[in-house]
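Structural characterization, general
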Amino acid sequence: MGEVFFKKKSPFYFANSLFLCLVFVPVSVQKPGFCPEFFLSCPFVLLPMCRRDRGCKGTKKCCFYNCRRQCMETWISLE
């Protein structure tokens, strides 16, 4: 089958695994602006269209609106 380049208990294996975990950890990207307010109560929550801001194109943010998380144009202020 395949070759094993280093044993699982070796220090190199631990250092390499730690490095890969640190490099590939997703970075949280918070886009500027505020999500539109939604005051109605939801009898149920629909499946999300997004999970984080980085999943939305352009300046849109991932917001909870109309009983689901979806990409929305942002508000500049809450007033």
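The sections below set out a description of the structure shown in this document. Along each chain, residue indices are assigned from 1 in the same order as the chain's sequence is written. pLDDT decides what is reported in this predicted model: residues at 70 or higher carry local features, side-chain atom pairs at 80 or more are listed and counted, and totals for whole chains, interfaces and linings draw on all residues regardless. The side-chain numbers reported here are obtained from all heavy atoms of the structure, hydrogens and water having been left aside.

Some points on the state of the cysteines
Disulfides are covalent bonds that connect the sulfur atoms of two cysteines. We call a pair of cysteine sulfur atoms a disulfide when they lie within 2.5 Å. Applying the stated criterion to the full structure yields 4 disulfides. Residue pairing for C35: its cysteine sulfur links by disulfide to C63, the two sulfurs lying 2.0 Å apart. Between C35 and C63, the S-S torsion sits near -75°, and that sign places the bridge as left-handed. Residue C35 is found in the loop between α1 (11-23) and β1 (61-65), and its partner C63 is found in strand β1; the two are separated by 28 residues along the sequence. Relative accessibility decides the category of a residue: with a 1.4 Å probe and only protein chains considered, values under 20% of the type maximum give buried, values over 50% give exposed, and everything between is partly exposed. Of the residues examined, C35 reaches a relative accessible area of 27% and is grouped as partly exposed. Owing to a relative accessible area of 1%, C63 belongs among the buried residues under this scheme. With a sulfur-sulfur separation of 2.2 Å, C42 is cross-linked through a disulfide to C67. In this structure, the disulfide formed by C42 and C67 twists by about -95° around the S-S bond and is classed as left-handed. Taken as a pair, C42 in the loop between α1 and β1 and C67 in the loop between β1 and β2 (68-72) lie far apart in primary sequence, 25 residues in all. Judged by its relative accessible area of 24%, C42 falls in the partly exposed class. Under the scheme used here, helices are H or I runs from DSSP no shorter than 4 residues and strands are E runs no shorter than 2 residues, and both carry numbers assigned from the N terminus.

A word on the side chain of Q70
Along the chain, Q70 turns up in strand β2. Counting of polar contacts relies on pairs of N or O atoms within 3.5 Å, with two restrictions inside protein: one atom must be capable of donating a hydrogen and the other of accepting it, and residues adjacent in sequence are counted only when both atoms are side-chain atoms. Of note is the side chain of Q70, whose polar atom sits 2.7 Å from the backbone oxygen of Y65.

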